[in-house]
Amino acid sequence: MSVSEKIRNKLIHSLEPERVEVIDESHLHAGHAGAREGGESHFRVLIVSKQFEGASRVARQRMVNSILREELAGPVHALAMKTLTPQEFAKEE
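Keep in mind that what you see is a predicted model, and the values were worked out from it rather than measured.

Participant: Help me out: how do you make sense of unusual backbone geometry in this one?
Facilitator: With the exception of glycine, the majority of residues adopt a negative phi angle, and the majority of peptide bonds are in the trans configuration. Phi at glutamate 16 takes a positive value of approximately 45 degrees, unusual for a residue other than glycine. With respect to the secondary-structure elements, glutamate 16 resides in the loop between helix 1 (3-15) and strand 1 (19-24). Taking relative accessible area as the criterion, glutamate 16 reaches 62% and is therefore assigned exposed.

Below you can see the structure in the form of structure tokens.
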């Protein structure tokens, strides 16, 4: 299973999101520190979940970091995230 699939599966299982996008941006960092041969080291995620309601941006990011702690300790060098409630996401569309 690829790193992006593991990330997606863990986020779906833990946060029951209405929307989740996992984008591998490793190709943008080739040759930089933390970039692994073969990619799967730099990711951007969008997560829309009711579980973020009432939580600050920092608390939301801590939730995601906790869920993905194994990946962040290993193959993932960088993770950019956008964590929104369904209402916040609707306003962006």
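Participant: When you look at the environment of isoleucine 7 in this model, what are you seeing that I'm missing?
Facilitator: Examined against the element boundaries, isoleucine 7 turns out to sit in helix 1. Sequence separation between isoleucine 7 and glutamate 70 is 63 residues, and the spatial gap between their C-alpha atoms is 9.9 Å. Beyond its immediate sequence surroundings of up to four residues, isoleucine 7 is in contact with Val22, Phe43, Val45, Leu68, Glu71 and Val76.

Participant: Help me understand the nonpolar core in this model?
Facilitator: As a rule of thumb, nonpolar side chains are buried together in soluble globular proteins. Counting residues in each nonpolar core, the largest one holds 15 residues, and the members touching the most others are Ile7, Leu11, Ile47, Val64 and Leu79. For this core, the elements supplying multiple residues, two or more each, are helix 1, strand 2 (42-48), helix 2 (57-67) and strand 3 (78-84).

Participant: How do you make sense of the environment of arginine 19 when you look at a structure like this?
Facilitator: Following the sequence through the fold, arginine 19 ends up in strand 1. With a relative accessible area of 35%, arginine 19 lands in the partly exposed category. The sequence separation of arginine 19 and leucine 84 amounts to 65 residues, and the corresponding C-alpha distance is 9.6 Å. Each residue touching arginine 19, except ones within four places of it in the same chain, is listed here: Leu46, Ile47, Val48, Phe89 and Glu93. A polar contact is formed between the side chain of arginine 19 and the side chain of glutamate 21, at a distance of 2.6 Å.

Thresholds applied
Residues numbered from 1 in each chain as written. Predicted model: local features only at pLDDT ≥ 70, side-chain atom pairs only at ≥ 80, totals over all residues. Heavy atoms only, no water. Helix = DSSP H or I, 4+ residues; strand = E, 2+ residues; numbered from the N terminus. Buried < 20%, exposed > 50% of the residue type's maximum accessible area, 1.4 Å probe, protein only. Contact = heavy atoms within 4.5 Å. Core = buried A, V, L, I, M, F, W, Y, C linked by side-chain atoms within 4.5 Å. Polar contact = N/O pair within 3.5 Å; in protein donor to acceptor, adjacent residues only side chain to side chain.

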